[in-house]
Each structure stands twice: as structure tokens, then as C-alpha cells.
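# Inside the fold
Spelled out from the first residue to the last, the chains are:
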Amino acid sequence: MPEITIGATVVRLVQGDITGQRVDAIVNAANSSLLGGGGVDGASHRAGGPEILAECRQIVARQGGCKTGHAVITTAGALAAQKVIHTVGPVWTGGTRGENVGLESAYERSLGLAREHGLRSVAFPSISTGAYRFPIDQAALIALNTVVRFVRQHADALDEVRFVLFTEADLAVYARALDEVRDTMLG
Ligand code: AR6
């Protein structure tokens, strides 16, 4: 199983459906409206039930939606996880409109919320690489580097960060990126 251990935290790659993960929090690839959509977003709301959308609506009423690169947290409803962290990745428009920074921020703020709420295991999908068309090779490196940096900065915060890749092909891309990150770390 592709994984890397940093201090007391394991960063692990698996293939599967994020909605079925037994972790403290799953991350949803949401959009700025927070009111649902396709892909991970559709699956999370379907599997978690209406409580999630009800809380999203309360957040929208309070603060408007959620900007690109930001994140909010709700109940996980009927899911096995305790919480859903909804983050909005950037839409890829060629790479010149801050897409990399937006993606980095989506991962970082999601992990920040997990830490603030004492959630010690977090599962991410491959944010922005579906409907938002971010090239997955590039996205995988950003995702893993951002997680590794966070885990190093907050050594006691997390037991596990799990990437749940939907297809074998996506898992292979992330596994290659993880090898690259490991090689860089080893110097
Ligand atoms: N479990 C794990 N990964 C999944 C699942 C699942 N159940 N379903 C899809 N993926 P996307 P985005 C993969 O489109 O690109 C929504 O409409 C998928 O194959 O879910 O950030 C929102 O409302 C891909 O690799 O998220 C937004 O409008 C990855 O998850 C918009 O899509 C992300 O695909 C967000 O687009």
C-alpha cells in the first residue's frame, strides 16, 4: 500500500469511494454555493442525507457561500465519518489564474479545520481534478506536498491523512507523485 510516515502521521493512498471511509472527517470537493453538485459533492450529500445540506444552508445564510481555496465544516449526517469538511478547489483555466495557490489553500484550510476541531484522521478526494479539470499529475504533487508541509508544521495534530482515489489510474498518478515527494524528502 503506498504510504509515507511523517512523525506520528501516516499519509496513505487508497482506491475507493470517499463516502464509505471510516475516518474522523471526509473532505468534500464542493463549489462556492455549498448547495451540492455532481462527483464527490453529489455522492457525499446522497450518502450523508439531508442534514448536511441543511447545515450548508445555515452557513450560506451566515456568511454567503465558500470562496475558492476556503473550507467550511458540517455534520456528516449518516456517513461513518463524524464531520464533512467542504472545500472549494479552483477551476482550471490554463494555470495562469492562481490555480496552484488555490489548490494548495484548499488542502491547507481543510487540514486547519480538522486540527481546530480535533479530528485526527482525514480523507481527501482528488480535489479539482474532476469537473474542475485541474491536470491530475500537477494536482497530485500539490496535494501531497501541501499535506506533508502541514503535517511537519503540526506534528501532533493528525494520525492519518488518506487520499481516496476513485480509479486505478488516478491512484497510479498519486503513487508516482508520492514517490517523488519521498525522494525529495530523503534529499
Ligand atoms: N469518491 C472518491 N472520489 C470520487 C468520487 C467518490 N465517490 N466521485 C468522484 N470522485 P469532482 P472537482 C473523483 O468533479 O473537480 C461538483 O459538481 C473524481 O473522479 O467531484 O473539485 C461540485 O459541486 C475526480 O478524480 O470535484 C463542484 O461544482 C475527483 O473525485 C465541482 O464538481 C474530483 O472530482 C467540483 O469539481
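Whatever comes next refers back to the structure up there.
Below is a short write-up of the structure. All chains use their own residue numbering, which begins from 1 and follows the written sequence. Since the coordinates come from a predicted model, pLDDT governs what is reported: local features require at least 70, and pairs of side-chain atoms require 80 or more to be given and counted, while whole-chain, interface and lining totals use all residues. To obtain the side-chain values, all non-hydrogen atoms of the structure were used and water was disregarded.

### What about the overall build of the protein chain?
Along its length, the protein chain carries 5 helices and 7 strands. When the helices and strands of the protein chain are placed in sequence order, the string is β-β-β-α-α-β-β-α-β-α-β-α. Note that the radius of gyration is over C-alpha atoms, with the globule rule given as 2.2 Å times the number of residues to the power 0.38. Relative to the 2.2 N^0.38 estimate, which gives 16 Å for 187 residues, the radius of gyration of the protein chain is 15 Å and therefore close to what a compact globule would have. Projecting the C-alpha coordinates of the protein chain onto the three principal axes gives extents of approximately 50 × 35 × 30 Å. With 187 residues in all, the protein chain has 50% of them scored as buried. Only DSSP runs of H or I reaching four residues or more are called helices, and only runs of E reaching two or more are called strands; each is numbered from the N terminus. A 1.4 Å probe rolled over the protein chains alone gives each residue an accessible area, and that area as a share of the maximum for its type sets the label: buried under 20%, exposed over 50%, partly exposed in between.

### Concerning the site of the ligand
Neighbouring residues are identified by heavy atoms, a residue being near a molecule or strand if any of them is within 4 Å of it. Every one of the 23 residues lining the ligand counts as a neighbour, but N31, G38, D41, S128 and G130 are closest to it. What qualifies as a polar contact is a pair of N or O atoms within 3.5 Å, subject to a donor-acceptor requirement within protein and to the restriction that residues adjacent in sequence count only when both atoms come from side chains. Between the ligand and D17 there is a distance of 2.9 Å, counted from a nitrogen atom to a side-chain nitrogen or oxygen. The backbone of I18 places a nitrogen or oxygen atom 2.9 Å from a nitrogen atom of the ligand. Contact with the protein chains removes 88% of the 700 Å² of surface that the ligand exposes when unbound. Just so you know the grouping, Ala, Val, Leu, Ile, Met, Phe, Trp, Tyr, Cys and Pro go in nonpolar, Asp, Glu, Lys and Arg go in charged, and all remaining residues, Gly too, go in polar. Classifying every residue of the shell around the ligand by side-chain character gives 10 nonpolar, 10 polar and 3 charged. Residue exposure ignores everything except the shown protein chains as possible cover, and the areas themselves are Shrake-Rupley values with a 1.4 Å probe.

### Some remarks on the environment of A81
In this structure, A81 sits in the loop between β4 (71-75) and β5 (83-87). Each C-alpha atom of the pair A81 and S121 lies 9.5 Å from the other, and the pair is 40 residues apart in sequence. Every residue pair with non-hydrogen atoms within 4.5 Å of one another is taken to be in contact. Each residue touching A81, except ones within four places of it in the same chain, is listed here: Q21, V23, D24, A25, I26 and A76.

### Observations regarding the layout of surface pockets
Only protein atoms enter the 1 Å grid used here. Points where a 1.4 Å probe fits but cannot escape make up a cavity, open sets with protein on both sides within 12 Å along at least five of seven lines make up a pocket, and a residue lines them when an atom lies within 4 Å of a point. Grid points are joined across faces, edges and corners, and a volume is the space filled by probe spheres set on the points. Its volume calculated, the largest pocket comes out at about 540 Å³. Lining the largest pocket we find 25 residues, and of these A29, G39, V40, G130 and A131 sit closest to its centre. Those elements that provide at least two residues to the lining of the largest pocket are α1 (39-48) and β7 (160-165). With 4 residues, α1 is the single largest residue contributor to the lining of the largest pocket. The residue makeup of the lining of the largest pocket, split by class, is 12 nonpolar, 10 polar and 3 charged.

### A look at helix α4 (residues 136-153)
For α4, built from 18 residues, the straight-helix expectation of 26 Å at 1.5 Å per residue is met to within 8% by its first-to-last C-alpha distance of 25 Å. When α4 is considered as a whole, its buried residues turn out to be I136, A139, A140, I142, A143, L144, T146, V147, V148, F150 and V151. Looking at the buried side of α4, the elements it contacts are β1 (3-6), β2 (9-15), α3 (99-116), β7 and α5 (168-186). A helix is expected to span 1.5 Å for every residue after the first.

### Quick look at the packing of aromatic side chains
Centres within 6.5 Å are what make two rings of Phe, Tyr or Trp a pair, Trp counting through its six-membered ring; a difference in plane orientation under 30 degrees is then read as stacked, over 60 as edge-to-face, and the rest as tilted. Enumeration according to the criterion identifies 5 aromatic pairs in this entry. Through a chain of ring-to-ring contacts, the aromatic side chains of Y107, F124, F163 and Y174 assemble into a single cluster.

### Looking at the packing of α1 against helix α2 (residues 50-63)
The geometry of α1 relative to α2 is characterised by a closest axis approach of 6 Å and an angle of 115 degrees between their N-to-C directions. Residues S44, H45 and G48 of α1 pack against P50, I52, L53 and C56 of α2. Broken down by class, the residue content of the contact of α1 with α2 amounts to 4 nonpolar, 3 polar and no charged. Working convention: axes come from line fits to C-alpha atoms, limited for helices to the stretch in contact. Angles between N-to-C directions cover 0 to 180 degrees.

### Notes on the pattern of salt bridges
Just to be clear on terms, a salt bridge is a Lys or Arg side-chain nitrogen sitting within 4 Å of an Asp or Glu carboxyl oxygen. Under the definition given, this model contains 7 salt bridges. A salt bridge links E3 to R12; the nearest nitrogen and oxygen atoms lie 3.0 Å apart. Judged by relative accessible area, E3 falls into the partly exposed class, the value being 30%. Where E160 meets R162, a salt bridge forms, and the shortest distance between an N and an O atom there is 2.7 Å.

As far as function goes, none of this settles anything; it's purely spatial.
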